[in-house]
Amino acid sequence: MAATTAAPAKGKRRAAGPLFVAPFMVLFLLLFLAPLGYAAYLSLFQERLIGGTAFVGLDNYVKAVQDPQLIHGVGRVALFFVIQVPVMLLLALLFALALDSGLLRLARVIRLGIFVPYAMPSVVAALMWGYLYGPDFGPFAQLSRDLDLPVPQFLSEGWMLGSLANIVTWEFVGYNMIILYAALRTIPTELYEAAAMDGAGAWRIAWSVKLPALKPALMLTLLFSVIGSFQLFNEPNLLMKVAPDVISSSYTANLYAYSLAFTGQQVNYAATVSFLLGLVIVIASYAILLTANRRRTP
C-alpha cells in the first residue's frame with residue numbers, strides 16, 4: 001500500500017519540473033527565438049521599387065560583408081573594445097581588491113558611490129557627459145578659458161572614441177566591481193590564514209591567492225564587455241546630436257543597423273547587418289573562451 005502511494009507522489013514531482021520551467025520557456029520562445037527567427041526571415045528578402053518584396057537568398061549577406069560602412073563600424077568598435085575594456089576591468093579589479101582588503105574607511109559608502117553611475121540610465125549619462133564635453137559652455141572649456149589654456153576638443157574626431165570610452169567606463173566600472181567583489185567574498189578565509197602563516201604579505205596574498213581565484217569572474221566580466229562593446233549604441237547616438245560632423249549614422253555597427261531600419265526604411269538589410277553583428281559577437285566571445293581554456297590546460 002505504501003509503495004502504491006509513493007508511486008503517484010513520485011510521478012507528481014516529476015511533472016512539477018516542466019511546469020516550473022514552462023514560464024521561462026514560453027517567454028524565451030516569444031521574446032527571443034520568435035523575433036530571431038523573424039529577423040532571419042526578413043534578411044532573406046529585399047524591398048524593390050519594381051516588383052515589391054523579392055526573395056534574394058544570401059544576397060544581403062554578400063552585400064553586407066562588402067559594405068565599407070559596416071566594416072568601418074565594426075573596426076571602430078573593435079578598437080573601442082581594445083582601448084576601453086582593459087582600463088575598465090583594471091579599475092574594477094583595483095576597487096574590488098581595495099574594498100576587500102578591509103583597510104578602507106566608509107567602505108560601504110565608497111562601494112555605493114562607485115556603483116551609483118551604473119544605476120543611472122545610459123541616456124542620462126551620455127547627456128551629462130555631452131554637456132561636460134561641450135566646447136562652448138562645458139565646465140572644462142570654461143575652466144580652460146579662465147586659465148588661458150587651449151580648450152580641449154573632446155568631441156573632435158581624434159578625441160571622440162576616447163570620450164565615448166570614458167563615458168562607458170564611468171558607467172560600468174561599478175557593475176564589474178560588484179561582480180569581482182562578490183567573487184572575492186566567496187574565497188575561504190582559510191587560504192588567507194595559510195598564506196599569512198607562510199609569511200605572505202597583503203600584496204603577495206592579492207597576487208597569489210585572490211587573483212587566481214578571480215579568473216572565472218574576470219572571464220565573466222570580459223564576456224559581458226565583449227557583448228556590450230559591440231552593441232554600443234546609446235552613447236554615440238546621443239552625442240551624434242552635438243557632434244554630427246564626427247559621429248555619422250554608421251559610426252558603430254549597432255547604430256548603423258538602427259539607422260537602416262528606422263531612418264532608411266531598409267528593414268531587410270538592417271536584419272542582415274544585425275545577424276552579422278551577432279555572429280561577430282559570438283566569434284569574439286568563443287575566441288576569448290577558447291584562449292582562456294587553452295591557458296588553463298597544462
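Residues numbered from 1 in each chain as written. Predicted model: local features only at pLDDT ≥ 70, side-chain atom pairs only at ≥ 80, totals over all residues. Heavy atoms only, no water.

In terms of regular secondary structure, the chain is built from 13 helices and two strands. For a compact globule of 298 residues, the expected C-alpha radius of gyration is about 19 Å, and the chain comes in at 25 Å, more than 25% above that figure. In the chain, which comprises 298 residues, the share counted as buried stands at 36%. When contacts within the chain are restricted to residue pairs at least 6 apart in sequence, long-range pairs at least 24 apart make up 66% of them. Only carbon and sulfur atoms are counted for the fraction: they give 70% of the accessible area of the chain, which is about 18,400 Å². Counting 19 positive and 14 negative side-chain charges, the chain places the centres of these two groups 17 Å from one another. (Helix = DSSP H or I, 4+ residues; strand = E, 2+ residues; numbered from the N terminus. Rg over C-alpha atoms; globule rule 2.2 N^0.38 Å. Buried < 20%, exposed > 50% of the residue type's maximum accessible area, 1.4 Å probe, protein only. Contact = heavy atoms within 4.5 Å. Areas by Shrake-Rupley, 256 points an atom, 1.4 Å probe, with all protein chains shown as cover. Lys, Arg positive; Asp, Glu negative; His and termini not counted. Charge placed at Lys NZ, Arg CZ, Asp CG, Glu CD.)

Put simply, helix H5 (residues 122–133) and helix H7 (residues 160–185) touch, their axes get as near as 10 Å, and they point 135° apart. One finds that H5 runs oblique with respect to H7. The chirality of how H5 crosses H7 is right-handed. Side by side, H5 and H7 meet where Ser-122, Ala-125, Met-128, Trp-129 and Tyr-133 of the first sit next to Ser-163, Asn-166, Ile-167, Trp-170 and Glu-171 of the second. (Axes fitted to C-alpha atoms, helices over the stretch in contact; angles between N-to-C directions. Parallel < 35°, antiparallel > 145°, perpendicular 65-115°, else oblique. Left-handed = near helix turned anticlockwise from the far one by under 90°.)

With that settled, consider the environment of Ala-34. With respect to the helices and strands, Ala-34 occurs in helix H1 (residues 2–42). Judged by relative accessible area, which is 39%, Ala-34 ranks as partly exposed. As a C-alpha pair, Ala-34 and Arg-14 span 20 residues in sequence and 28 Å in three-dimensional space.

Let us now look at the packing of aromatic side chains. Evaluated as defined, the whole model comprises 16 aromatic pairs. Connected via pairs of aromatic rings, a cluster forms that spans Trp-129, Tyr-133, Phe-140, Phe-154, Trp-159 and Trp-170. Of note, Lys-63 hangs over the ring of Tyr-269, and the distance from its end group to the ring centre comes to 4.4 Å. Lying over the aromatic face of Tyr-251, Arg-76 brings its terminal NZ or CZ to 4.4 Å of the ring centre. (Phe/Tyr/Trp six-rings, centres within 6.5 Å; stacked < 30°, edge-to-face > 60°. Lys NZ or Arg CZ within 6 Å of the ring centre and 35° of its normal.)

Attention shifts here to the nonpolar core. Within the largest apolar cluster, 45 residues are counted, with the highest numbers of intra-cluster contacts made by Leu-70, Leu-180, Leu-214 and Val-273. Of all elements in the fold, only helix H2 (59–65), helix H3 (68–101), H7, helix H8 (189–197), helix H9 (202–213), helix H10 (215–230), helix H12 (253–262) and helix H13 (267–296) reach the threshold of two or more residues within this core. Sequence-distant contacts of Leu-214, that is, excluding residues within four places in its chain, are made with Leu-93, Leu-180, Ala-183 and Leu-184. Residues Leu-132, Met-160, Phe-233 and Leu-239 belong to the second largest nonpolar core, which totals 20 residues. (Core = buried A, V, L, I, M, F, W, Y, C linked by side-chain atoms within 4.5 Å.)

This next bit is on the confidence of the model for the chain. For residues with low pLDDT, the predicted coordinates do not support detailed interpretation. Across the chain, the average pLDDT comes to 85, with 93% of residues at or above 70. For the chain, per-element mean pLDDT is lowest for H1, which scores 75, and highest for H7, which scores 93. (pLDDT = per-residue confidence, 0-100.)

Let us look at unusual backbone geometry. The residue Leu-106 is not glycine, and still its phi comes out positive at about 55°. Within the element layout of this structure, Leu-106 appears in the loop between H3 and helix H4 (107–119). Phi at Gln-265 takes a positive value of approximately 55°, unusual for a residue other than glycine. Looking at the element boundaries, Gln-265 is found in the loop between H12 and H13.

With respect to the element layout, Ile-187 can be found in the loop between H7 and H8. What makes Ile-187 buried here is its relative accessible area of 7%. Each C-alpha atom, one on Ile-187 and one on Lys-210, is 7.7 Å from the other, the two residues being 23 residues apart in sequence. Not counting residues up to four positions away in its chain, the partners in contact with Ile-187 are Tyr-192, Lys-210 and Ala-213.

For the rest of this paragraph, the subject is the environment of Val-74. Structurally, the position occupied by Val-74 is in helix H3. Taking the C-alpha atoms as reference points, Val-74 and Phe-230, separated by 156 residues in sequence, lie 7.5 Å from one another.

What follows covers the pattern of salt bridges. This structure, assessed with the given rule, holds two salt bridges. A salt bridge links Arg-185 to Asp-100, with the shortest nitrogen-to-oxygen separation between them at 3.1 Å. Pair noted here: Arg-185 is in helix H7 and Asp-100 is in helix H3, with a separation of 85 residues, a long-range link. With its nearest N and O atoms 2.9 Å apart, the salt bridge here joins Asp-100 to Lys-210. (Salt bridge = Lys/Arg side-chain N within 4 Å of Asp/Glu carboxyl O.)

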